[in-house]
Amino acid sequence: MNIGHFIIANLFYFFSFLMLISAILVIGSKNPVHSVLFLILVFCNAAGLLILLEVEFLAMIFLIVYVGAIAVLFLFVVMMLNIKLIELNENLILYLPIGAILALIFLFEIFIIIDTDLIPLFSLNFADTLNYIKWTSEITYTTNVARLGSLIYTHYFFLFIIASLILFVAMVGAIMLTLYKNTNLKRQVIYKQISRDFNKAIKLQYLK
Amino acid sequence: MILELLNIIIKILAIIVPLLIAVAYLTLAERKVIGSIQRRKGPDVVGVFGLLQPLADGLKLFIKETILPNQSNVLIFVFAPILTFLLSLISWAVIPFNYGMVLVDINVGLLYIFAISSLGVYGIITSGWASNSKYAFLGALRSAAQMVSYEVSIGLIIITVLLFAGSLNLSTIVAAQEYVWYCIPLMPLFIMFFISILAETNRSPFDLPEAEAELVAGYNVEYSAMGFALFFLGEYSNMILMSSVATCLFLGGWLPPMDLFIFNWLPSPFWFGLKISFLLFVFIWVRAAFPRYRYDQLMRLGWKVFLPLSLGFVLLTAGVLLGFNYI
């Protein structure tokens, strides 16, 4: 058995097992900072799974955006808060029905997506399904980046621009809400400092 | 199967062991260069010209007592330096030393390095938090904010180089510089990239996280012995890594300056090492020559100067390349 296949076959179980465990610990751990660290572990494992699916560009973007940017800010905020250890109590069971309903809806949506978009599960026999799965290897003649780029920037660029505008509006809104202008604040204007004339800076005045 | 595994392990060791030796002698080089800039001798007692000094330092750190503070969160406290060191090592997997001389030649090599360097924040911020000490925490917050802000401009500069080379694979990027190194058409970006990596690796003049005079020692106050040594190794290995990334992106990697017989006489990895050594020398030179930035100046430089400039350069180069039909 080739070592590459051996590693890949077992890495899937490794990543997904660790991901499930740490996802449970995100909710279960008492210290909020530990929760965030486990969340980061979940993200890293998800990136590992994406690499196993041969979508390495998405995996790297996942690491850069979620782990490198969002989770850092999250950790920042959680660390700055006055940390109290959260007591796990019985009231959590009351949330269970709502959680179950949400999980069922989520599963149903995933089923619809898989059944209509990727692989029709029930209208085909098993051999055909295996043929369908080969679609990742069909597109390896071009790299991930080029493929995604041509898709996003030529076919779906309207949606891309709209998504960026939504993000922009959210950012402007957040800044407008928190902007507080202090009027008697003395700021350093470096351009003014540098362009100051040496001869005019010091004056000699004769006192009578 | 065992043989394959052994092959992989030997390949990894062949990168890591020279790297650690390089780190050790980089510290000696730093002390020697700063010494001669300040008209001192630098270390010259241990061994000939002080050549055994790094080994002596390493031994000292190794036999010191490891202190775990009572107040600290022990698990994260121990984990943080290991993470920093690990992250500084795994980026080396995609650095090409010569054509084809690379551990893994992945298509998204540049993004991989960027992702790993953005993970580097965690080692620092967790160490500062887990120490449960005011100084360490303040140092960690400063350091994390600094690294996050300069990553933005590094990302945009990488995008510009990516537009030129048309690939994220580091070997392809170097091979694309066969006729002209990118530091010539992209001179301002090269300087900006160099300043950004100074800030990213927390080197002076941006060494606010461990500002000796203000915060005791930044995020690693509470660390002693091997914990401190791992942070130290991580920092210097990151310096070498970032220099080699800058070499790959702007100084033509393993390529000689011109395709002449005299230049080709030296083997390609040697050119690569020479360029890295030059950049590392500039790192040390900057440390000896410039005073430390104030914190608001540092943030201003990152967000108000480098971010708009690098964003403008992305648009400019994209426009020029599109205009001449080079993409």
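Everything numeric here is computed off the predicted structure, so don't read it as measured data.

Draft legend 1. Spatial organisation of the overall build of chain A. Counting secondary structure elements, chain A contains 10 helices and 0 strands. In chain A, the order of α-helices and β-strands from amino to carboxyl end is α-α-α-α-α-α-α-α-α-α. Looking at chain A residue by residue over its 208 residues, the buried ones come to 13%. Within chain A, residue pairs in contact and separated by at least 24 positions form 54% of the contacts whose partners lie at least 6 positions apart.

Draft legend 2. Seen up close, the overall build of chain B. Secondary structure assignment for chain B yields 11 helices and 0 strands. Start at the N end of chain B and walk to the C end: the helices and strands fall as α-α-α-α-α-α-α-α-α-α-α. Seen through its principal axes, chain B has C-alpha atoms that stretch 65 × 50 × 45 Å. Expressed as a percentage of the 327 residues in chain B, the buried residues total 42%. Sequence-distant contacts, at least 24 apart, represent 78% of the contacts inside chain B between residues at least 6 apart.

Draft legend 3. Examining the interface of chain B and chain A more closely. Taken residue by residue, the interface counts 19 residues in chain B and 18 residues in chain A. In terms of residue count, helix α4 (residues 109–130) of chain B provides more of the side of chain B that touches chain A than any other element does, 10 residues in total. Grouping the amino acids of the side of chain B that touches chain A by side-chain chemistry returns 16 nonpolar, 2 polar and 1 charged.

Draft legend 4. Broad picture of the packing of helix α2 (residues 32–52) of chain A against helix α3 (residues 56–80) of chain A. All names here are of chain A. The N-to-C vectors of α2 and α3 enclose an angle of 175 degrees; their axes lie 9 Å apart at closest approach. Relative to α3, the element α2 is oriented roughly antiparallel. Here P32, V33, V36, L39, I40, F43, C44, A46, A47, L50 and I51 of α2 come into contact with α3, specifically with E56, L58, A59, F62, L63, Y66, V67, A71, F74, L75, V78 and M79. Residues belonging to the contact of α2 with α3 are distributed by class as follows: 22 nonpolar, no polar and 1 charged.

Draft legend 5. Spatial organisation of unusual backbone geometry. In this structure, E54 of chain A takes a positive phi of about 65 degrees despite not being glycine. Here E54 of chain A is to be found in the loop between α2 and α3.

Draft legend 6. Structural view of the environment of I124 of chain B. Residue and element names in this part refer to chain B. Examined against the element boundaries, I124 turns out to sit in helix α4. A sequence separation of 16 residues divides I124 from A140, and the C-alpha atoms of the two residues are 5.8 Å apart. Once residues within four sequence positions are removed from consideration, I124 is found in contact with A140, S143, A144 and Y219.

Draft legend 7. Focus on the environment of M79 of chain A. Residues and elements named next belong to chain A. Mapping M79 onto the fold places it in helix α3. Its 19 C-beta neighbours within 10 Å are what place M79 among the partly exposed residues. The spacing of M79 and S164 is 85 residues in sequence and 30 Å in space, taken between C-alpha atoms.

Draft legend 8. Looking closely at helix α11 (residues 295–323) of chain B. Residue and element names in this part refer to chain B. Over its 29 residues, α11 extends 41 Å from the first C-alpha to the last, a length consistent with the 42 Å expected when each residue adds 1.5 Å. Within α11, the axis deviates most sharply at F306, by approximately 35 degrees, and proline P308 lies no more than four positions further along. Taken together, the buried positions of α11 are L298, G302, F306, S310 and T317. One or two steps after α11, the chain reaches N325, where phi turns positive at roughly 60 degrees.

Draft legend 9. Region of the structure containing the nonpolar core. Core analysis: the largest hydrophobic core is formed by 103 residues, its most contacted members being I40, F43 and M60 of chain A together with A115, F193, A246 and F250 of chain B. What A115 of chain B contacts, discounting residues up to four positions off in sequence, is M60, L63, I64 and G68 of chain A.

Draft legend 10. Representation of the confidence of the model for chain A within the structure. Summary statistics for chain A give a mean pLDDT of 81 and a share of 81% for residues scoring 70 or more. The least confident element of chain A is helix α5 (residues 126–133) of chain A, whose mean pLDDT is 54; the most confident is helix α8 (residues 157–178) of chain A, at 93.

Draft legend 11. Molecular detail of the packing of helix α3 (residues 74–90) of chain B against α4 of chain B. Residues and elements named next belong to chain B. The geometry of α3 relative to α4 is characterised by a closest axis approach of 8 Å and an angle of 160 degrees between their N-to-C directions. Judged by the angle between their axes, α3 and α4 are roughly antiparallel. Of the two possible hands of crossing, α3 and α4 adopt the one that is left-handed. Between α3 and α4, the contacting residues are I76, F77, A80, P81, L83, T84, L87 and I90 on the first element and I116, L119, G120, Y122, G123, T126, S127 and A130 on the second. Class assignment of the residues belonging to the contact of α3 with α4 gives a composition of 11 nonpolar, 5 polar and no charged.

Draft legend 12. Looking closely at helix α8 (residues 225–250) of chain B. All names here are of chain B. Look at α8: 37 Å from first C-alpha to last across 26 residues, which is about the 38 Å you get at 1.5 Å a residue. Of all 26 residues in α8, 22 are buried; the element is thus mostly enclosed. Among the residues trailing α8, G252 stands out with phi positive, at a value near 75 degrees.

Definitions and cut-offs
- Residues numbered from 1 in each chain as written.
- Chains lettered and ligands numbered in written order.
- Predicted model: local features only at pLDDT ≥ 70, side-chain atom pairs only at ≥ 80, totals over all residues.
- Helix = DSSP H or I, 4+ residues; strand = E, 2+ residues; numbered from the N terminus.
- Buried ≥ 20, exposed ≤ 12 C-beta atoms within 10 Å, placed from the backbone.
- Contact = placed C-beta atoms within 7 Å.
- Nonpolar A, V, L, I, M, F, W, Y, C, P; charged D, E, K, R; others polar.
- Axes fitted to C-alpha atoms, helices over the stretch in contact; angles between N-to-C directions.
- Parallel < 35°, antiparallel > 145°, perpendicular 65-115°, else oblique.
- Expected span 1.5 Å × (residues − 1).
- Bend = angle between axes of the 7 residues up to and from the residue.
- Core = buried A, V, L, I, M, F, W, Y, C linked by C-beta atoms within 7 Å.
- pLDDT = per-residue confidence, 0-100.
- Left-handed = near helix turned anticlockwise from the far one by under 90°.

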